[in-house]
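# Breakdown of the fold
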Amino acid sequence: MSTNDAIRLKGKPVVEALEAALQPRIDRLLADGVTPKLAIVRMGERPDDIAYERSIVKKCDTLRIAADVHELPADAPESDLIYLLELLARDAAVHGILPFRPLPPHISLKRVKESIKPSKDVDCVGPYSSASIYDRSLAGFLPCTAEAVVALLRHYAVPLEGAHVVVIGRSMVVGRALALLLLDAHCTVTICHSKTRNIREVASEADILISAIGQARMVDGGYVKQGSFVIDVGINDDGCGGICGDVDEASVMRQGVAGVTPVPGGVGGVTTALLVRNVIEACEKSQKN
Ligand code: NDP
């Protein structure tokens, strides 16, 4: 394979396929007089939260589902946030709740997790949803980003069974969750983190390398083997007013990878599409109860 043959594994076709499947479900709910609604809870005005919020609201608008933004000052007391989450839990018109993280340091994440109603926990914040990652017989929602990576790999028919996958990053919501989902897909999974020794050597043994670390363009050609697939979950400031991933795309392409996800234009859009799917699913379930 020449170095220019690498496929850019773009998120757009994956999003289009997901949304095409969602459309009839949305039509049915709207015809029944039910509008799926997501409640976004944001504390403060972090630019990355606001950018993500805008993209979610725009997507919901396009798909004709409702997205309400509940904004609290960054220094609001914890009790205000918990009160809001409890109100949203009781509000029958709200089907999904998304509190943006990281939360300000004076807020106890544990209390927030306990206040999210499992049936509305569309991005896997609370303990019931988290347990569902480990025990797939539970019905909680899985973390959207981890699921997005698997959806993207499946869309591009990247062989998973028996593949050696190296995941760099071990956060609960991304790296660790992803490792378990890939294990379910019969991959052989290695997890790396900031204390991993010889990380380049470990990474370059992967058939599929996934980076979820938040380090701009750290993963270069030295981390990959020829013919492998590289999935970039990272979203970083590129220093020029835009965003970039963890992966140095040009460098890994020169190494002869088979495919690489771009940033922007890769995993991020799929994550948002799956968030919307979860809201629709939560809404459908609420109608059956
Ligand atoms: P966290 O900061 O919670 O975790 C980062 C992980 O990366 C940690 O496990 C850390 O290791 C590891 N790490 C950091 N630096 C290095 C390094 N130099 N070498 C090896 N490992 C390293 O981040 P998240 O998991 O929440 O997010 C990861 C990235 O994904 C971020 O860029 C974030 O913006 C992005 N993101 C993208 C989404 C999308 O939809 N595309 C959604 C959510 C997040 P250790 O545990 O040892 O500290």
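So, here's what we can say about the structure. These numbers were taken from a predicted model, which means no experiment stands behind them.

A few words on the packing of aromatic side chains. Tallied over the entire structure, the rule returns one aromatic pair. Summarising the aromatic geometry, the rings of Tyr52 and Phe100 are spaced 5.6 Å apart at their centres and angled 35 degrees between planes, so their arrangement reads as tilted. Separated by 48 residues along the polypeptide, Tyr52 in helix H2 (residues 47–62) and Phe100 in the loop between strand S4 (96–99) and helix H4 (109–115) bring together distant segments of the chain. Looking at Lys285, its charged tip hangs above the ring of Phe141, at a distance of 5.3 Å from the centre.

Residue position: Glu19 is located in helix H1 (residues 12–31). There is a polar contact of 2.7 Å between the side chain of Glu19 and the side chain of Lys59.

Turning next to the environment of Ser115. Residue position: Ser115 is located in helix H4. For Ser115, a relative accessible area of 12% puts it in the buried group. Along the sequence, Ser115 and Arg8 sit 107 residues apart, while their C-alpha atoms lie 40 Å from each other. If we skip the residues at most four places from it in the chain, Ser115 touches Ile82 and Leu85. Of note is the side chain of Ser115, whose polar atom sits 2.7 Å from the backbone oxygen of Arg111.

Before going further, it helps to spend a moment on the sheet that holds strand S2 (residues 37–43). The three strands lie next to each other as S3-S2-S4, forming an open sheet whose pairing is parallel. Every other strand in the sheet has two partners, leaving strand S3 (66–72) and S4 as the edge strands with one partner each. Between one strand axis and the next, the sheet turns by 20 degrees as a mean value, whatever way the strands run. Helix-sheet contacts for H2 involve S2, S3 and S4, and the interaxial angle to S2 is about 170 degrees. Helix H3 (residues 78–90) contacts S2, S3 and S4 of the sheet and is inclined by roughly 180 degrees relative to S2.

With that settled, the discussion passes to the site of the ligand. The immediate surroundings of the ligand are formed by 20 residues, with Thr145, Arg170, Ser171, Ser194 and Thr271 found nearest. Between the ligand and the protein, one listed contact pairs an oxygen atom with a side-chain N or O atom of Ser194 at 2.5 Å. At a separation of 2.8 Å, an oxygen atom of the ligand approaches a polar side-chain atom of Thr271. When the free accessible area of the ligand is taken as 930 Å², the share hidden by the protein chains comes to 68%.

Looking now at the sheet that holds strand S6 (residues 188–192). Across the sheet, six strands lie side by side as S1-S11-S8-S7-S5-S6; this open sheet has parallel pairing. The open sheet has two edge strands with one neighbour each: strand S1 (7–8) and S6. Examined bridge by bridge, strand S7 (residues 208–211) and strand S8 (residues 229–232) share four bridges and lie parallel to one another. Along S8, the bridge assignment pairs Ile210 with Ile231.

Opposite charge on two side chains allows them to pair when their charged atoms are near. Evaluation of the coordinates by the stated rule reveals 18 salt bridges. In this structure, Arg277 engages Glu147 in a salt bridge whose closest nitrogen and oxygen atoms are separated by 2.8 Å. Of this pair, Arg277 sits in helix H10 (residues 267–288) while Glu147 sits in helix H6 (residues 144–155), placing them 130 residues apart in sequence. Residue classification places Arg277 among the buried residues on the basis of a relative accessible area of 17%. On the basis of relative accessible area, Glu147 is assigned to the buried category, the value being 18%.

Rules and cut-offs
- Residues numbered from 1 in each chain as written.
- Predicted model: local features only at pLDDT ≥ 70, side-chain atom pairs only at ≥ 80, totals over all residues.
- Heavy atoms only, no water.
- Phe/Tyr/Trp six-rings, centres within 6.5 Å; stacked < 30°, edge-to-face > 60°.
- Helix = DSSP H or I, 4+ residues; strand = E, 2+ residues; numbered from the N terminus.
- Lys NZ or Arg CZ within 6 Å of the ring centre and 35° of its normal.
- Polar contact = N/O pair within 3.5 Å; in protein donor to acceptor, adjacent residues only side chain to side chain.
- Buried < 20%, exposed > 50% of the residue type's maximum accessible area, 1.4 Å probe, protein only.
- Contact = heavy atoms within 4.5 Å.
- Pairing = 2+ DSSP bridges.
- Axes fitted to C-alpha atoms, helices over the stretch in contact; angles between N-to-C directions.
- Near = heavy atom within 4 Å.
- Areas by Shrake-Rupley, 256 points an atom, 1.4 Å probe, with all protein chains shown as cover.
- Salt bridge = Lys/Arg side-chain N within 4 Å of Asp/Glu carboxyl O.

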